[in-house]
Structure formats: structure tokens, C-alpha cells
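What follows is the residue order along each chain.
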Amino acid sequence: MSKKPVRVAVTGAAGQIGYALLFRIASGEMLGKDQPVILQLLEIPDEKAQKALKGVMMELEDCAFPLLAGMEAHSDPMTGFKDTDYALLVGARPRGPGMERKDLLSANAQIFTAQGKALNAVASRNVKVLVVGNPANTNAYIAMKSAPDLPAKNFTAMLRLDHNRAASQIAAKTGKPVSSIEKLCVWGNHSPTMYADYRFATIDGQSVKELINDEDWNRNVFLPTVGKRGAAIIEARGLSSAASAANAAIDHMRDWALGTNGKWVTMGVPSNGEYGIPQETMFGFPVTCEGGEYKIVEGLPIDEFSQERINITLKELQEEQDGVKHLL
Ligand code: NAD
Ligand code: LMR
């Protein structure tokens, strides 16, 4: 017997990430090839955006996806998030050349307050929320704080693109396949302060740190390359990353929903005090997922350099959070 359809809400559905994301969700790449989905698509009320959304929905129709059990267009999160099981909050203003994520903070704070309140009011009580729109960690924090009746752990921010970027750099450096890399993680904020950490990583059981054996490369090539990759893509494309961001969103939700088989992945999740990160800070941590729940990998040793890097990204996140406190 086929499974009951689940409801997947996507905001910013007519944007560039939306265009790279929706077809993959509808084809079963996110929640499994046996899981029908109903797409609840949200765009701003603007006529042009709604018209573009209709066009995307026409294309979704034309794919005749067997798993696409329904589709709705919305401009109000109070209707768009009704009974939703998975919410991918993508819609926000993307960063242009020369802008930092912090610049986008107040414009986006309003969006995520309204969306958090709507999720609180109408979404499934088990809704899994992924915030992609930047500044992703702080937007996720705002949505979480605006939804007091939902469990805080249901709100997450996307660090998976950073994780995937780090994996890809390590694969290129070592000449080993990406799929062979285990126990990699990225700590902190989805911003250039993030700390991509391969101290625990292994390839076929061998330590990546020993394989690479080049601390200068770690500090002066790897970390800046991963940290500034978003800006490098904007510089090259004139637009922020979209297909790779959509891919990371699929990876994040799939792993959360279907499990990682013990493999570590990185998710931005509210801290419970792990590694001295203050409660509720939406922080990138190594996690494993099983049975629809994520679990922070605990007890890892943090050396002096790593602690310094973690402190820098934490400080930035705390400043962002302080900057929006008056809106909560
Ligand atoms: P885009 O401008 O192409 O699309 C965004 C869409 O969101 C637009 O169609 C816009 O009308 C819509 N939108 C804006 N406010 C909305 C709201 N309140 N409700 C519903 N829809 C709304 O942008 P994009 O390239 O798709 O990027 C979207 C966001 O994702 C940006 O904030 C970008 O910086 C961020 N991003 C994050 C990561 C990450 O790793 N976390 C990676 C890449 C991009
Ligand atoms: C990215 O990492 O590609 C996105 O967050 C876009 C950006 O602004 O860097």
C-alpha cells in the first residue's frame, strides 16, 4: 500500500533556489521514492512573483511526477503552512556583491517573525523546519523564538552547504572520493566565521589530518576557501549559489527524516549547552540522525585553535541575536 502524502511547504518558491529544489522534492529525492508529497508553495503577494510561481507549478505539472500528490500556491504563511510536516524557509533577500549577511538582518527579521508565528499557529506539531534564507542561523533563531508552542528542536538552519563544500575541498586535496570522508563537521554560523573542522575526519579509517599533514593549508587555504565560498560564487555568477544550496537543503532534510546510518553531518540546531555554546544559540554542530531525530555528537576534544575559532563564530552569532532581540 502506498504511503499517506506528507505536506512540504517551501517559501521563495519562485526564486532561484526554489527552481533548483522543487523538482527534486517532487521526484522523491528528499523524502524517499515511496513518499508522496503535497507542495505548499509560498511567494510574496506581488503579481510578478505569483505569476512566476504559477509558471513553476505548470512545469511541475508537466513533469507528471508520480509522487506529487498535490500543489498549492500561497502568499500568506497562515494558509501556506497549514498542517505542514516539512517547512523549507528559503524566501529572503539574497546577498549582492559587497554585502555581508549581517546587512540583511533586519529586513529578514520581519519575514521570519511572521513565518515563525504562522508555523506556531497552523503547522503540524511535528513540523521539521529548515531555514535556508540568510542570515540562516539568526533567521532560524527568530522563527524558533516566534513559535513558543512548537519544540525548539524542530527549528534548524542550513550549514550543510558549508559541510559539502568542506568535503569537496578535502576530496580534491587528498585525491580520495567525497563519499569516503567521514566525521567532518562545521561549527557555528553560516558565514565566513564558520569553522570547518577535519580533526576527527577519516577516509577509509585513516585520519584526514594525518593524510593531509599540512596545518598551513588548513589555516591559510582550506578555512578561507570554505568560509568565503559563498562570496566567490556571487563574484563568479553575479548571483548567489542556488543549485548547490538546493542540493544541500535536500541533503539536510533527507538525512534528518530518513537517518544518516551513524554518519556525521552538520546541522545548525539550537544548543542545549553542548561545548559551552549558550542554550538556544542556533549553532552548527556535528550530528547523527536516526528515527526522524538528530543528536549532537558530544564529547569531542576542542583544542586551543578550535576553541578560538568557535569563540569567533559564536561571538558573531550572539551579536546577530542581540541585534534582533527588540523584534522578538
Ligand atoms: P531569489 O531572490 O532568487 O529568491 C527568493 C524568493 O523569495 C523570491 O522569489 C522572493 O519573491 C521570495 N520571497 C521573499 N520574501 C518572501 C516571503 N516573505 N515569503 C515568501 N517568499 C518570499 O533568492 P535565492 O537565490 O533563491 O536565495 C534565497 C535565500 O537563500 C537568500 O537569502 C540567500 O542568501 C539564501 N542562501 C542561503 C544559503 C545557505 O547555505 N544557507 C545558500 C545559498 C543561498
Ligand atoms: C552561500 O553560502 O552560497 C550563500 O549563503 C550565499 C551567500 O550570501 O554567501
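Remember, it's a predicted structure, so these values are computed and weren't measured experimentally.

Considering the site of ligand 1
Item 1. The environment of ligand 1 is made up of 26 residues, and the closest members are Gln16, Ile17, Glu43, Val132 and Asn134.
Item 2. One of the backbone nitrogen or oxygen atoms of Gln16 is found 2.9 Å away from an oxygen atom of ligand 1.
Item 3. Separating an oxygen atom of ligand 1 from a backbone N or O atom of Ile17 is a distance of 2.9 Å.
Item 4. Protein contacts shield 86% of the accessible area of ligand 1, which totals 860 Å² for the unbound molecule.
Item 5. Every element with two or more residues in the shell around ligand 1 is listed here: helix H1 (16-26) and helix H4 (105-122).
Item 6. Classifying every residue of the shell around ligand 1 gives 13 nonpolar, 11 polar and 2 charged.
Item 7. Mapping the shell around ligand 1 onto the domain boundaries places at least three of its residues in each of domain 1 (6-157) and domain 2 (159-325).

Some points on the sheet that holds strand S11 (residues 206-207)
Item 1. One open sheet accounts for 3 strands, arranged S7-S10-S11; its pairing is antiparallel. The open sheet has two edge strands with one neighbour each: strand S7 (181-182) and S11.
Item 2. Across 2 bridges, S7 lies against strand S10 (residues 202-203) in antiparallel orientation. Paired with Ile181 across the two strands is Ile203, which belongs to S10.

Focus on the environment of Arg7
Item 1. Mapped onto the elements, Arg7 comes out in strand S1 (residues 6-11).
Item 2. Using a relative accessible area of 23% as the deciding quantity, one classes Arg7 as partly exposed.
Item 3. It is 24 Å that separates the C-alpha atoms of Arg7 and Asn134, two residues lying 127 residues apart in sequence.
Item 4. When residues no more than four places from it in sequence are discounted, the contact partners of Arg7 are Ile38, Gln40, Glu72, Lys82, Asp83, Thr84, Asp85 and Tyr86.

Points about the UniProt feature "active site" (unreviewed entry) in the protein
Item 1. Residues given the UniProt feature "active site" (unreviewed entry) here are His190.
Item 2. Residue position: His190 is located in the loop between strand S8 (185-187) and strand S9 (195-197).

Details of the environment of Arg309
Item 1. Take Arg309: it is sitting in helix H11 (residues 304-324).
Item 2. Taking C-alpha positions, Arg309 is 6.1 Å from Tyr195, a pair spaced 114 residues apart along the chain.
Item 3. Those residues in contact with Arg309, other than ones at most four positions away along the chain, are Pro192, Thr193, Met194, Tyr195 and Leu223.

Quick word on the pairing of strand S5 (residues 128-131)
Item 1. Burial along S5 is two-sided: Lys128 and Leu130 facing one way and Val129 and Val131 facing the other are all buried.
Item 2. Taken together, the 3 bridges between S5 and strand S6 (residues 155-157) define a ladder with parallel strand orientation. In the sheet register, Val131 faces S6, and the bridge partner there is Ala157.
Item 3. In this view, the connection linking S5 to its parallel neighbour S6 by way of helix H5 (residues 136-145) has right-handed handedness.

What counts and how
Residues numbered from 1 in each chain as written. Chains lettered and ligands numbered in written order. Predicted model: local features only at pLDDT ≥ 70, side-chain atom pairs only at ≥ 80, totals over all residues. Heavy atoms only, no water. Near = heavy atom within 4 Å. Polar contact = N/O pair within 3.5 Å; in protein donor to acceptor, adjacent residues only side chain to side chain. Areas by Shrake-Rupley, 256 points an atom, 1.4 Å probe, with all protein chains shown as cover. Helix = DSSP H or I, 4+ residues; strand = E, 2+ residues; numbered from the N terminus. Nonpolar A, V, L, I, M, F, W, Y, C, P; charged D, E, K, R; others polar. Domains from an automatic or database assignment. Pairing = 2+ DSSP bridges. Buried < 20%, exposed > 50% of the residue type's maximum accessible area, 1.4 Å probe, protein only. Contact = heavy atoms within 4.5 Å. UniProt positions renumbered as here; feature names shortened; annotations may be inferred. Right-handed = clockwise from strand over helix to strand, strands pointing away.

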